[in-house]
Structure formats: structure tokens, C-alpha cells
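The lines below spell out each chain.
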There are 2 protein chains.
Amino acid sequence: MNLHLNSAFLENAVAELSKLPGIGEKTALRLALHLLRQDEEVARALGEAIIKMRSEVRYCSKCHNISESEVCDICSDSRRDSSIICVVESVRDVLTIEATHEFHGLYHVLGGVISPLDGIGPSDLEIDSLVDRVAQNEVSEIILALNPTMQGDTTNYYIFRKLAPFDVNVSILARGLSIGNELEYTDEITLGRSINNRIPFSDTFANKD
Amino acid sequence: MNLHLNSAFLENAVAELSKLPGIGEKTALRLALHLLRQDEEVARALGEAIIKMRSEVRYCSKCHNISESEVCDICSDSRRDSSIICVVESVRDVLTIEATHEFHGLYHVLGGVISPLDGIGPSDLEIDSLVDRVAQNEVSEIILALNPTMQGDTTNYYIFRKLAPFDVNVSILARGLSIGNELEYTDEITLGRSINNRIPFSDTFANKD
């Protein structure tokens, strides 16, 4: 689609908005026309918030999560257990896990997973810095919390091998049936693995403590 | 959802993005994190394009379409037929009709339709300025191209009455079956009206000229 919008400024805004993921030219035009109908302050607040965010937000030098300072709020929180590090793909996964309120250790954001087809190798990820953290700090456990995909599994194994020389437990998130789901609608691979990796019923009491 | 994003700047950007229509907090976060991964130039270009668009884009003093000057490109195009004015609800409708390449007259953007439930009366719309255009210029035909809704029909009738004193033909866009659609899936009101307002078959040859 090649829009003639009667205004180069509008065309430019639509072009920039449609560069965003999931926003096509039609949606971009709808957003731009919406902003045109608002007070000038609304467009200014949005534009400045975007620019400011990109220029001010930094990444924690320890865990590579989003931060406004050298070390992020989670890493510098003395109440958290610094001996457990949860390894995740992205900043969003940190938010997702924090929302469960079940984890009180620190994080390590890899910035992706090993994916040769996409040209992403171990050196493109924050794996060396994870190994450094384990080498230089007292870390008792690494929880691998990558997405349960082939690339995630490959990355898990790579990290597991890299951490082999160190005295650290490496665990992985439990995989199995989703709570509340029905057997009938569970995919075959998940169900098959749930059968193979079945757990003693008595363990489910222990989990309830 | 109340996000704790480790950064007030990120939270602010997400808050501003989620004010846009159709963009919830989760999508806003996805967009913000995407921008964080891009070069600083990308975020700056987007932010500035939005601010610039809102401050620079004006509306044509004649047809109220988007314009960068006092009178828009369409109104000032001497190749267009200034004796025919197509009345539309919004700026977007101008783009939609222009995309058909079937109309070579001028436009008049009402800025909405009469809708008492939403508190929009005739005085909130550019109806008086339409009447002025008809009174002060040589206009032979007004094409009402509002959406085929109850509010659109109400507005059509209001405009029709307002234009009664003038020597101008008032026409309305044809309504009936969508080209390529099947009878079975046409809604009953459209199909019923298509039967009542059937046209001589020989007219369809004439349209093909």
C-alpha cells in the first residue's frame, strides 16, 4: 500500500509507527489519526516518553535486566537470595517470573537462545558473563528457565556443559500438564513426557507445604 | 495489571503507548521492549515524527481534510472538478475513496455524523461550512458518502434538507450487494433493499462504459 496522505509529516509518522512489530500501515494510520485528534500535549508526551526511555534505560551490569543504574533493583536487593540465579531469555521473562512471587533469588538475562538458523551463537548471548558470575560468587543453584523449545533445550545443554567444572546445582523448570487443563487437550509430546517423567504422588504433598 | 518494570522511564513509555486505541498494556510493553533493542536513532525518529506530525499537520480551510497549507492539495488541484463535492465523515474516508480512482471532484469532511446519544449535533460538524460552499460556489452535485448506518442516514437527511433551497443535485452512494459476495451470506436488510431498489439490467451495460 502506498498512501498519499496529503501531508509529509503524517506520512512520516505513519511510516515510523508501522516499523513497530505487529503494526501494519493501516493500524499505523489509525493511530496517527487518533493522535491528530488529541491535544498536542498527548502526542508530545508519547513522543518524549519514547525518546527518553530509549536514551535513559540501561541494562544491569550483573544480570542484564533493565535498570536505571549500574546495578538493577533486584541485584542490589539484600533481601533476595544471591546464591540462586534464574537464567531467562529476555527481560519480559523476568517480569513474568516476578509476577508469580515464587522466586526470591537473582536473575541472569541471556538476551536470546542459541539458534544457528538465525545466526545466533553462544557468543551473541550473555553466557560467558553467567559463567563468570558462577566462578566469582557463591552460587549454589542455577535454574534454567528458558522457553521449552528446541533452541531453549540446546541452550540449556550448552550452559549445563559450561557449568560442569563448577560446584553448582543446575535445575530446570518442571514440564508437564498445565494446571487446570484437561488431558484430552494436552499435546501428545507434553503428555508423553509427563508419563515418562511421572513423580511419586507423595511428592505432591511436599510441594503443598 | 500493575507493572513493575525496574525503570520509571520504561513504565512511563508503556503507560503512554497503552493510551493508544487498541493497544493494551501487554502490547505496549512489547513495543517498548522492541524499541529498547533498536538503535537510539529508531526511537528518536519515531518520537520526533509523532511530535512533529501533531504540531505541523493542519486542516484545509475549505474541505477540512488534512493539509500542510491553508488549502489542501486536492482543493487546489485545478484538474479536479470543483462542481462536484463528495461529503464524507472522516479524513480516512477521503483516503479510501481516493484509492478507488473513481472520483475526481472535491471533498468535504464533516468530522463525524449526527449522533444524539453521543452528544453530537449538527453544530459539532462541518455542515454550515458545507452549505456556505454550496451557496458561494458553482456546485452542481453533492455526493453523500457517509457510512450506511442510522446516524449516517440521519445526517444525510439533515444535509439534504439544508441544501433544499439551492439548485444542486444531492446523490447518495449506491447500496446493494457487494461485488463478489454470495447471496447466501448477504445480510437480510441489504438483500431486501437490493430487491426493492433493483435496477434495469440494461443500466449495468451503461456502467461498463
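Cut-offs used in this document
Residues numbered from 1 in each chain as written. Chains lettered and ligands numbered in written order. Predicted model: local features only at pLDDT ≥ 70, side-chain atom pairs only at ≥ 80, totals over all residues. Heavy atoms only, no water. Least-squares fit on C-alpha atoms with pLDDT ≥ 70 in both. Contact = heavy atoms within 4.5 Å. 1 Å grid on protein atoms, 1.4 Å probe; cavity = no way out; pocket = protein on both sides within 12 Å on 5 of 7 lines; lining within 4 Å. Points joined across faces, edges and corners; volume = space filled by probe spheres on them. Helix = DSSP H or I, 4+ residues; strand = E, 2+ residues; numbered from the N terminus. Nonpolar A, V, L, I, M, F, W, Y, C, P; charged D, E, K, R; others polar. Axes fitted to C-alpha atoms, helices over the stretch in contact; angles between N-to-C directions. Buried < 20%, exposed > 50% of the residue type's maximum accessible area, 1.4 Å probe, protein only. Parallel < 35°, antiparallel > 145°, perpendicular 65-115°, else oblique.

Draft legend 1. Spotlight on the relation of the copies chain A and chain B. The transform that puts chain A on chain B rotates by 179° and translates by 0.0 Å along the axis, for an RMSD of 0.2 Å. Both copies are brought into coincidence by an operation consistent with a two-fold rotation axis. Considering only C-alpha atoms, the part of chain A nearest the rotation axis is Gly 47 of chain A, at 1.9 Å. Looking at the interface residues of chain A, 100% of them are also at the interface in chain B, so both copies use one shared face.

Draft legend 2. Region of the structure containing the layout of surface pockets. All names here are of chain B. For the largest pocket, the calculated volume is near 1,400 Å³. Ile 172, Leu 173, Ala 174, Arg 175 and Gly 176 are the residues nearest the centre of the largest pocket, which is lined by 37 residues in total. With 6 residues, the top contributor of residues to the lining of the largest pocket is helix 7 (residues 188-196). Tallied by class, residues from the lining of the largest pocket come to 19 nonpolar, 11 polar and 7 charged.

Draft legend 3. Looking closely at the packing of helix 4 (residues 91-100) of chain A against helix 2 (residues 25-37) of chain B. Across the interface, helix 4 of chain A lies against helix 2 of chain B with an axial gap of 10 Å and an inter-helix angle of 145°. The residues of helix 2 of chain B that touch helix 4 of chain A, namely those facing Val 91, Arg 92 and Leu 95 of chain A, are Leu 29, Arg 30 and Leu 33 of chain B. By residue class, the composition of the contact of helix 4 of chain A with helix 2 of chain B is 4 nonpolar, no polar and 2 charged.

Draft legend 4. A look at the environment of Gly 119 of chain B. Residues and elements named next belong to chain B. Mapped onto the elements of the fold, Gly 119 is located in the loop between strand 4 (105-109) and helix 5 (127-136). Residue classification places Gly 119 among the exposed positions, given a relative accessible area of 55%. Sequence separation between Gly 119 and Leu 29 is 90 residues; the distance between their C-alpha atoms is 35 Å.

Draft legend 5. Structural detail: the packing of helix 3 (residues 40-56) of chain A against helix 3 (residues 40-56) of chain B. Contact geometry of helix 3 of chain A with helix 3 of chain B gives a least axis separation of 8 Å together with a crossing angle of 170°. Judged by the inter-axis angle, helix 3 of chain A sits roughly antiparallel to helix 3 of chain B. Facing helix 3 of chain A, whose interface residues are Glu 40, Ala 43, Arg 44, Leu 46, Gly 47, Glu 48, Ile 50, Ile 51, Arg 54 and Ser 55 of chain A, helix 3 of chain B presents Glu 40, Ala 43, Arg 44, Leu 46, Gly 47, Glu 48, Ile 50, Ile 51, Arg 54 and Ser 55 of chain B. Taken together, the residues that form the contact of helix 3 of chain A with helix 3 of chain B break down as 8 nonpolar, 4 polar and 8 charged.

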